[in-house]
Amino acid sequence: MSVHSKPLYLITGNEGFNYFRDDPRIVTLGTDHDGAMNIFLRILKYTLLQIRISHLLLKINKKCDLFIFFLGGEDLVFPMIIAKIFKKKVVVIFSGSSVHTLYYDNLVFGLKILTNINCTLCYKIVLYSERLIKEWNLERYQNKILIAQNHIVDLSNFRVETPLSERPPLIGYFGRLSKEKGIINFIQSLPILLQRLPELQVIIGGNGAQYQYIMTYIDENNLTDHVKIIGWVPHKDLPKYLNGLRLVVIPSYTEGLPNIMLEAMACGTPVLTTLVGAIPDVIQDGITGFIMTDNSPECIAENITRAIQSADLGNVGKNGEFFVQNNYSLEEVTKKWKWVVNDIRY
């Protein structure tokens, strides 16, 4: 994908391709990808994906001076090699760390190797917080790291529609149903939580490997009257859900800077989260959100109770809304990127 050539080329797949395919500003090239539960099939599919992306890079190679690898691009070794063969600059923007995201996965060792190769070969690495250098073990690449915010919240869609005081006693989780997201801990906190707050209702949006475990746990612990699983929520529908909640819970073991946190805040919805990734750059406990010291079920239940019963809950929601408006609008993020673009170009 080139950022400075005209036209701009975008290689993406699945929903990204459908979203950008008719955008006249971009030449969009599609390559779909789906996962697999079997480890050998996953490796095969991922290898084929890299080959398809490499083939597309070859097609646009002469039209581009710079390639930007994003959304998992830290592991795309085949495309990186193609780019280096043709002496192209490659910038890797970490939207997250696949190594940390898949910490519990059997493929994590292989991903570490791929990430190290790409970080060694690339021209620049862009992170959105200095905190991530140490957390993602990138200290050895310090000399090529640039810090720039790459999260933009669409404030025309993510905004307060329903005042917090008018919302029902409903809390929510939105994201992958996977171990590193802490969703199992969250589910296991609910029996404790509902003893303290019996009127509370819970909504869970997402899908993933832990879906069946979650459904079974809810059924076996008689939680069906309090917990609703709605599956994956299209991005366009998120504002509606976020405007119905009094709290969003993010119990992750690892994060970069979660979009759902910023989008919830833009909707005036307070967030309770673990202190990981770049989250401390945004959340101050009791001011712009709520922080829990760990994500054990007991700690989650205790802190949800603390947040819901806080006399300052409304002010926290307003502070979070203003923070996102002042830091994550298109205009603000564009300002922060100007010096990074100049650094990359020259």
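Above this text is the structure in question.
An account of the accompanying structure is given in this report. (Residues numbered from 1 in each chain as written. Predicted model: local features only at pLDDT ≥ 70, side-chain atom pairs only at ≥ 80, totals over all residues. Heavy atoms only, no water.)

A separate point is the overall build of the chain. Across its full length, the chain holds 13 helices and twelve strands. Here the C-alpha atoms of the chain give a radius of gyration of 21 Å, agreeing with the 20 Å that 2.2 N^0.38 yields for 346 residues. Each principal axis of the C-alpha distribution contributes one length, and for the chain these read about 65 × 45 × 40 Å. Classification of the 346 residues of the chain by burial places 51% in the buried group. (Helix = DSSP H or I, 4+ residues; strand = E, 2+ residues; numbered from the N terminus. Rg over C-alpha atoms; globule rule 2.2 N^0.38 Å. Buried < 20%, exposed > 50% of the residue type's maximum accessible area, 1.4 Å probe, protein only.)

What follows deals with the pairing of strand E7 (residues 170–174). Most of E7 is tucked away: five of the five residues are buried. Side-chain alternation along E7 places Leu170, Gly172 and Phe174 on one buried face and Ile171 and Tyr173 on a second face that is also buried. As defined by bridge partners, E7 adjoins strand E8 (residues 201–205) across five bridges and the pair is classed as parallel. When the bridges of E8 are listed, Gly172 appears paired with Ile203. For the crossover that starts at E7, traverses helix H7 (residues 183–196) and ends in the parallel E8, the hand is right-handed. Taken together, the two bridges between E7 and strand E10 (residues 247–250) define a ladder with parallel strand orientation. Looking at E10, one finds that Ile171 is bridged to Leu247. (Pairing = 2+ DSSP bridges. Right-handed = clockwise from strand over helix to strand, strands pointing away.)

Let's shift gears to the pattern of salt bridges. Applying the stated criterion across every chain yields a total of seven salt bridges. The salt bridge involving Glu255 is made with Lys181; its shortest N-O contact spans 2.8 Å. With Glu255 in the loop between E10 and helix H10 (259–266) and Lys181 in the loop between E7 and H7, the pair connects residues that are 74 residues apart, well separated along the chain. On the accessibility criterion, Glu255 (9% relative accessible area) is buried. (Salt bridge = Lys/Arg side-chain N within 4 Å of Asp/Glu carboxyl O.)

Moving on, we get to the sheet that holds strand E9 (residues 227–231). Backbone-to-backbone hydrogen bonds join strands into a sheet, with any given pair of strands oriented parallel or antiparallel. The strand order E9-E8-E7-E10-E11-E12 describes an open sheet built from six strands, whose pairing is parallel. One side of each edge strand has no neighbouring strand; the edge strands of this open sheet are E9 and strand E12 (290–292). Direction aside, the axes of adjacent strands within the sheet are offset by 25 degrees on average. Its contacts with the sheet put helix H11 (residues 297–308) on E7, E10, strand E11 (271–274) and E12, and the angle it makes with E12 is roughly 160 degrees. (Axes fitted to C-alpha atoms, helices over the stretch in contact; angles between N-to-C directions. Contact = heavy atoms within 4.5 Å.)

Our focus in this paragraph is the nonpolar core. Judged by nonpolar contacts, the single largest core of 57 residues is most densely connected at Leu127, Leu138, Leu242 and Met261. Looking at which element gives the most residues to this core, the answer is H10, with six residues. Other than its neighbours up to four places away in sequence, Leu127 contacts Phe94, Leu132, Ile133, Trp136, Leu138, Ile145, Leu146, Ile147 and Ala148. Leu164, Leu177, Val249 and Met292 belong to the second largest nonpolar core, which has 33 residues in total. (Core = buried A, V, L, I, M, F, W, Y, C linked by side-chain atoms within 4.5 Å.)

Attention now goes to the packing of aromatic side chains. Taken as a whole and judged by the stated rule, the model has five aromatic pairs. Ring plane angle 55 degrees and centroid distance 6.1 Å describe the contact between Phe174 and Tyr241, whose orientation is recorded as tilted. Placement of Phe174 in strand E7 and of Tyr241 in helix H9 (residues 238–242) is noted, with a sequence separation of 67 residues between them. With 6.1 Å between their ring centres and 25 degrees between their planes, Tyr213 and Tyr217 make a pair best called stacked. (Phe/Tyr/Trp six-rings, centres within 6.5 Å; stacked < 30°, edge-to-face > 60°.)

On their own, these measurements won't tell you what the molecule is for.
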